[in-house]
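Residue-level listing of the chains:
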Amino acid sequence: MNASSSASVPAGAWPVLLTPFTDTRAIDWDGVARLVDYYASAGVGGIFAVCLSGEMFQMNDRERLDLARHVVKCAAGRVPVIASAIAGADAAEQTRAVLDTAATGVAGVVLLPCLIADEHESDAVWRSRLETIVTGTEGVALGFYECPRPYKRAVSPADLAWAAKTGRFVFHKDTTHDLDRMKTKIALCRGTPLKFFNTQMGTLIDTLTAGGHGFSSYAANLYPELVHWVCTHHADRPADALRVQQLLAIAEYMINNKYPASAKVFIRENAGVPIGSLCRATYDVMTRHECLSLLALIDYVRSLTLPVPLASLKPTTGKGAA
């Protein structure tokens with residue numbers, strides 16, 4: 001089923017799907033399926049495939065479409081899947097990319113603001129191209145991801161409000177990390193189909209309280225069940241939610257070194273998902289020394305009394321390196 005503008009994305013945790021690779025750095029399709037199974041079993045709101053964490057810029061067009069299609073197949077209706085459309089700034093090219101991505105069966109197609117206009121081009125030019133894309137993709141549910149590469153272009157509150165009122169946009173991944181600005185955007189989207197997802201763990205509860213809908217960034221990859229629990233219970237169990245949020249903020253920070261290889265190691269060691277840590281974006285291999293802090297974090301979190309069981313499948317091996 002193609003992405004439909006009548007679609008509605010669930011609130012909660014939306015992991016940014018990593019892409020496992022084989023020893024030759026071809027896409028490990030079985031590894032992708034295992035990751036999808038892991039997140040689906042953790043009860044997340046949905047999965048964001050073909051994203052920066054998944055090394056989308058290190059893939060060709062065919063690989064990106066095949067990946068989106070494979071994730072949808074593996075999800076098998078258990079959780080919705082969205083994916084980015086990657087193209088140059090030409091509106092016609094963007095439109096074709098959206099339609100091709102929608103045909104993979106995803107629940108929504110995500111636009112990258114930084115690809116709709118070049119860095120030196122004005123917001124007016126950006127908005128004009130966006131309007132052309134929206135018109136040319138009638139019936140497709142759309143979203144935004146304020147991707148920081150090749151440069152970071154935030155969606156202004158005014159443009160986000162316009163997009164929300166079209167009824168075509170269902171997902172917004174905000175990377176401004178500015179709480180006041182995020183609250184403004186959330187207020188402007190109220191009463192529309194557009195759901196707001198934060199990427200800054202330290203302000204997640206603040207944005208949820210303001211009317212935001214969830215979280216889509218690193219922490220949702222590492223502890224999807226905990227992120228989803230905070231999104232669901234921040235209001236009825238505020239003290240516990242704040243404690244878990246603080247833990248997640250620390251965990252998220254700890255994988256910044258050699259990300260996304262570090263996250264692949266973490267998921268393998270913490271959840272028992274058999275994937276390698278090789279990447280296309282960076283060819284770094286995590287050494288045992290570099291993995292020690294990740295293994296210590298895993299053991300520490302397992303020693304805690306948490307409000308929801310972890311989706312861990314095996315004890316840590318103590319090896320860590322790929």
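Higher on the page you've got the structure.
Residues numbered from 1 in each chain as written. Predicted model: local features only at pLDDT ≥ 70, side-chain atom pairs only at ≥ 80, totals over all residues. Heavy atoms only, no water.

Moving on, we come to the side chain of Thr 175. The topology assignment puts Thr 175 in the loop between strand E6 (169–173) and helix H7 (179–189). For Thr 175, a relative accessible area of 8% translates into the label buried. A distance of 2.7 Å separates a polar atom in the side chain of Thr 175 from the backbone oxygen of Glu 146. (Helix = DSSP H or I, 4+ residues; strand = E, 2+ residues; numbered from the N terminus. Buried < 20%, exposed > 50% of the residue type's maximum accessible area, 1.4 Å probe, protein only. Polar contact = N/O pair within 3.5 Å; in protein donor to acceptor, adjacent residues only side chain to side chain.)

Omega for the peptide link from Arg 149 to Pro 150 comes to 5°, which places this bond in the cis form. Checked against the element boundaries, Pro 150 lands in the loop between strand E5 (142–145) and helix H6 (157–166). A cis amide bond links Tyr 259 to the next residue, Pro 260, at an omega of 10°. Relative to the helices and strands, Pro 260 is located in the loop between helix H11 (238–254) and helix H12 (261–271). In this model, Arg 25 sits at a positive phi of 65°, which is unusual for a non-glycine residue.

Before going further, it helps to examine the sheet that holds strand E8 (residues 214–215). If you walk across this open sheet you meet the 8 strands as E1-E8-E7-E6-E5-E4-E3-E2, and the pairing is parallel. Single-partner strands in this sheet number two, and they are strand E1 (12–13) and strand E2 (47–49). (Pairing = 2+ DSSP bridges.)

Let us now look at the packing of H6 against H7. Put simply, H6 and H7 touch, their axes get as near as 9 Å, and they point 25° apart. Relative to H7, the element H6 lies roughly parallel. Where H6 crosses over H7, the handedness of that crossing is right-handed. For the pair formed by H6 and H7, the contact residues are Pro 157, Leu 160, Ala 161 and Ala 164 on the first element and Arg 181, Thr 184, Lys 185, Leu 188 and Cys 189 on the second. Looking at the contact of H6 with H7, its residues break down into 6 nonpolar, 1 polar and 2 charged. (Axes fitted to C-alpha atoms, helices over the stretch in contact; angles between N-to-C directions. Parallel < 35°, antiparallel > 145°, perpendicular 65-115°, else oblique. Left-handed = near helix turned anticlockwise from the far one by under 90°. Contact = heavy atoms within 4.5 Å. Nonpolar A, V, L, I, M, F, W, Y, C, P; charged D, E, K, R; others polar.)

This part takes up the side chain of Asp 159. Following the sequence through the fold, Asp 159 ends up in helix H6. Contact partners of Asp 159, with chain neighbours within four places excluded, come to Trp 126 and Arg 127.

This part covers the pairing of strand E7 (residues 195–198). Residues of E7 alternate between two faces, with Lys 195 and Phe 197 on one and Phe 196 and Asn 198 on the opposite face, all of them buried. Relative to E7, E6 runs parallel, the two being bridged by 3 bridges. Counted as the bridge partner of Phe 171 is Lys 195 from E7. For the crossover from E6 across H7 to E7, the handedness is right-handed. By the bridge criterion, 2 bridges tie E7 to E8 in an arrangement that is parallel. Across the sheet, the residue bridging to Asn 198 is Phe 215, located in E8. Crossover E7 to E8 through helix H8 (residues 204–209) is right-handed. (Right-handed = clockwise from strand over helix to strand, strands pointing away.)

Take the environment of His 233 next. On the secondary structure map, His 233 appears in helix H10 (residues 224–233). Take His 233: its relative accessible area is 24%, and that puts it in the partly exposed class. Measuring from C-alpha to C-alpha, the distance between His 233 and Val 244 comes to 11 Å, with 11 residues separating the pair along the chain. Setting aside its immediate chain neighbours within four residues, His 233 contacts Pro 238 and Ala 241.

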